[in-house]
Amino acid sequence: MKELIKRFSYQDGKQADLLEDIDRIVSITLEQEIKIGDSLRRVEELLGPPFTIIGEEEDEQMYWLYPASPLENKPDQFPEEWFYVLSFYNKQLRKVEKRTYRLH
C-alpha cells in the first residue's frame, strides 16, 4: 500500500487503475479489519501511512486522507479530489467518510 500511495503522489502516477487499486485495498481493509475506536497506530499498521495528514499527532483532532475513486462520475471533478477521510480524536478513530476534500 505504501508503494501505491507513493506512486499516486506523483502527478504522472495518477492513473485510473492505480486509483482503483488503492480504493479497493482501503475499502476492503476498512470493512474487514478497521473498526471505530481503533488506535491511530493500528490503522497505520493495516493501511500504511496516509496520502495526506491534516493536523498534527499532538492535536486532539486530526484527519488522515487516502485516495479514493469518485462515487459518481462528474466531469467537473478530478479523481484526486475524492478521499477516504479518517477522523481521529485523541488518536482514536472516530469516523470514516468517502468524500471530496480540497487540499488547496
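Rules and cut-offs
- Here the residue numbering is sequential within each chain, running from 1 through the sequence in written order.
- Predicted model: local features are reported for residues with pLDDT of at least 70 only, side-chain atom pairs are reported and counted for 80 or more only, and whole-chain, interface and lining totals are derived from all residues.
- As a rule here, side-chain values come from all non-hydrogen atoms in the structure, and water together with hydrogens is ignored.
- Patch definition: residues above 30% relative accessible area lacking any salt bridge, with like charges linked at up to 9 Å and the nonpolar side chains Val, Leu, Ile, Met, Phe, Trp and Tyr linked at up to 5 Å.
- The Shrake-Rupley method, run with a 1.4 Å probe sphere, supplies the accessible areas, and residue values consider only the shown protein chains as cover.
- Every case where a carboxyl oxygen of Asp or Glu lies within 4 Å of a side-chain nitrogen of Lys or Arg is listed as a salt bridge.
- Within this scheme the basic residues Lys and Arg register as positive and the acidic residues Asp and Glu register as negative, but His and the chain ends are omitted.
- Taken as the charge location is NZ of Lys, CZ of Arg, CG of Asp or CD of Glu.
- Secondary structure elements follow DSSP: runs of H or I of four or more residues count as helices, runs of E of two or more count as strands, with numbering from the N terminus.
- Note on aromatic contacts: the rings of Phe and Tyr and the six-membered ring of Trp form a pair at centre separations within 6.5 Å, being stacked when their planes are under 30 degrees apart, edge-to-face when over 60 apart, and tilted otherwise.
- Relative accessibility decides the category of a residue: with a 1.4 Å probe and only protein chains considered, values under 20% of the type maximum give buried, values over 50% give exposed, and everything between is partly exposed.
- Between any two strands, pairing holds if DSSP finds at least two bridges.
- Taking the helix axis as origin, the arc is that swept by the directions to the C-beta atoms.
- Under the convention used throughout, the expected extent of a helix is 1.5 Å for every residue step, that is, one less than its residue count.
- Contact criterion: two residues are considered in contact whenever any of their non-hydrogen atoms come within 4.5 Å of each other.

Which parts of the structure should I look at to understand a negative patch on the surface?
On the surface, Glu56, Glu58, Asp59 and Glu60 cluster together into a negatively charged patch. Tracing the chain through its elements places Asp59 in the loop between strand 1 (52–54) and strand 2 (61–67).

Looking at this structure, I do not really get the packing of aromatic side chains. What am I missing?
Any pair of aromatic rings gets described here by the distance separating the centres and the angle formed by the planes. Under the definition given, this model contains two aromatic pairs. Between Phe51 and Phe83, the aromatic rings sit 5.9 Å apart at their centres with planes inclined by 25°, giving stacked as the arrangement. In this pair, Phe51 is assigned in the loop between helix 3 (40–47) and strand 1 and Phe83 in strand 3 (residues 82–89), connecting sequence segments 32 residues apart. Judged by relative accessible area, which is 1%, Phe83 ranks as buried.

In this structure, what is going on with the pairing of strand 2? I would like to understand it.
Consecutive side chains along a regular strand alternate between the two faces of the sheet. Here strand 2 lies mainly inside the structure; five of its seven residues are buried. Pairing of strand 1 with strand 2, which is carried by three bridges, proceeds in the antiparallel orientation. Bridging across to strand 2, Ile54 finds its partner in Tyr63. Here strand 1 hands over to strand 2 after six residues, with Gly55 in that stretch at a positive phi of 105°. As judged from the seven bridges shared by strand 2 and strand 3, these two strands associate in the antiparallel manner. Within strand 3, the position partnered with Met62 by the bridge is Phe88.

Help me understand helix 3 in this model?
An α-helical turn contains 3.6 residues, so any two residues separated by three or four positions project in the same direction. Every buried residue of helix 3 is accounted for by Leu40, Val43 and Leu47. In an axial view of helix 3, the angular spread of the buried residues amounts to 60°, which keeps them on one side of the axis. Gly48 sits one or two positions beyond helix 3 and adopts a positive phi of about 85°.

Please clarify how helix 2 (residues 16–32) should be interpreted in this entry.
For helix 2, spanning 17 residues, the distance from its first C-alpha to its last is 24 Å, which sits close to the expected 24 Å at 1.5 Å a residue. Looking at helix 2, one finds that the buried residues are Leu18, Leu19, Ile22, Asp23, Val26, Ser27, Thr29 and Leu30. When helix 2 is viewed along its axis, its buried side chains cluster within an angular range of 170° and face the same direction. For helix 2, exposure combined with an orientation more than 90 degrees from the buried face picks out Glu31 and Gln32. Taken together, the buried residues of helix 2 touch helix 1 (2–9), helix 3, strand 2, strand 3 and strand 4 (92–100).

Everything listed here is a matter of geometry and, on its own, says nothing about what the molecule does.
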